[in-house]
Each structure stands twice: as structure tokens, then as C-alpha cells.
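Examining the three-dimensional arrangement
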Amino acid sequence: MSDPRIIGYLNRALAHELSAVQQYLTQARLTALWDMESFSRDLRQEADEELAHADRVISRLLYYGIAPKGGSLSPVRLGRSKAELLLQNLDMEQDAIRLYEEAADYCRRRGAHEDAALFEAIRDEELDHLRGMEQQLFDERDGGRHG
Ligand SMILES: [Fe+2]
Ligand SMILES: [Fe+2]
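First things first, this report covers the structure right here in the doc. Every value quoted in this text rests on a predicted model; they were computed, and no experiment measured them. (Residues numbered from 1 in each chain as written. Chains lettered and ligands numbered in written order. Predicted model: local features only at pLDDT ≥ 70, side-chain atom pairs only at ≥ 80, totals over all residues. Heavy atoms only, no water.)

1. Some details on the coordination of the iron ion (ligand 1)
To be explicit about the condition: Coordinating N, O and S atoms are those within 2.8 Å of the metal (3.2 Å for Na, K and Ca), and as water is not part of the atoms, a site may appear to have fewer donors than expected. A run of H or I in DSSP becomes a helix once it reaches four residues, and a run of E becomes a strand once it reaches two; helices and strands are each numbered from the N terminus. Relative accessibility thresholds used throughout: buried, under 20% of the residue-type maximum; exposed, over 50%; partly exposed, between the two (1.4 Å probe, protein chains only).
Each protein donor to the iron ion (ligand 1) is listed here as E17 (OE), E17 (OE), E50 (OE), H53 (ND1) and E126 (OE); together their distances run 1.9 to 2.5 Å. Going along the chain, you hit the donors of the iron ion (ligand 1) in the pattern E-x32-E-x2-H-x72-E. The distance between the iron ion (ligand 1) and the iron ion (ligand 2) is 3.8 Å, with E50 acting as a donor to both metals. Here E126 lies in helix 4 (residues 113-146) and E17 lies in helix 1 (residues 4-33), a separation of 109 residues in the sequence. The pair E17 / E126 is uniform in exposure class, with both members buried.

2. Quick word on helix 1
At 3.6 residues per turn, the α-helix brings residues three or four places apart onto the same side. Counted only if it meets this: Given a helix with a known number of residues, its expected span is that number minus one, times 1.5 Å. Between N or O atoms, a polar contact is any pair within 3.5 Å; within protein, one atom must be a potential hydrogen donor and the other a potential acceptor, and residues adjacent in sequence are included only when both atoms are from side chains.
A rise of 1.5 Å per residue sets the reference length of helix 1, with its 30 residues, at 44 Å; its end C-alpha atoms lie 44 Å apart and thus fit the reference within 8%. Capping the start of helix 1, D3 holds a side-chain oxygen 2.8 Å from the backbone nitrogen of R5, two or three residues further along. Phi turns positive, to about 65 degrees, at D35, one or two residues after helix 1.

3. Some points on the coordination of the iron ion (ligand 2)
Distances from the iron ion (ligand 2) to its protein donors, E50 (OE), E93 (OE), E93 (OE), E126 (OE) and H129 (ND1), fall within 2.0 to 2.3 Å. Sequence spacing among the residues donating to the iron ion (ligand 2) works out to E-x42-E-x32-E-x2-H.

Here it is in C-alpha cells:
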């Protein structure tokens, strides 16, 4: 028997992950147009990692016998510079971390340990994304001052 709130969290997670794929793919293309090849490759890599998260969430929905229903995608958030894109992405990763914290917390309280473990594992990877982007933003600003 599946808990409707857990299914709700899985579908919200799916909407988030697919929105993140859309955002990073778009930014990867945009930054390629700006001739920022290395940053573009990083963004493409982020898109692949978010796709892998979506895949894991879909797998869990199928385990419950539920057809995935992620809902509508969030509009892509762009910017006019590498720093502006990174700030948008930090915001998105923070939203994801909040969602996964809340979902894992609920699952733990309900004794749904496998779901809690899934949400915690994805949250940890979003934390890695966040830290990587904070570093990139720091380097970008530092480079702006000294380079
Ligand atoms: Fe993700
Ligand atoms: Fe992420």
C-alpha cells in the first residue's frame, strides 16, 4: 500500500528533476554560444546528473505501481553572465535540498525507510551540486577581481 503523500513527494521530485534537466541543457547551449566551452560542459554534466535523479524517482514510482506524473516544468531561469547563471542555479539547488529534506523527514516519521534513503541520497548529491557551484561562483568573482 502506498502513502499518497510519499507519491506526492516523488512526483514533486520528478517535476523538479525534469525542470533542472531543462534548465541545465538550455544553459549549456547558451554558454556554448558565449564560447564558454568548459562551463558549457559542466552544465551539460549537471543535466545528465539530474536526469539520473529523475530516473531513480521514476523507478521508485514504478515500484509502487504508479505512472509518473511530474506535472508542469518550471520556466528556465537564465542570466547575462556566468555569475548570474550560477546564482539562479544555486537557488534551484537550494529549493531541491529543501524538498528532499522535507520528503526524507516525512518518510522517516512514517517508517518508510527505503523512500527516506532515496530522498537522502539525492539530497546529498544536490548538496554536492550546491558546493560545486558555490566554488565556481567564488572563483568567478575572485577571477574578476584579480584577473
Ligand atoms: Fe537532482
Ligand atoms: Fe542538482
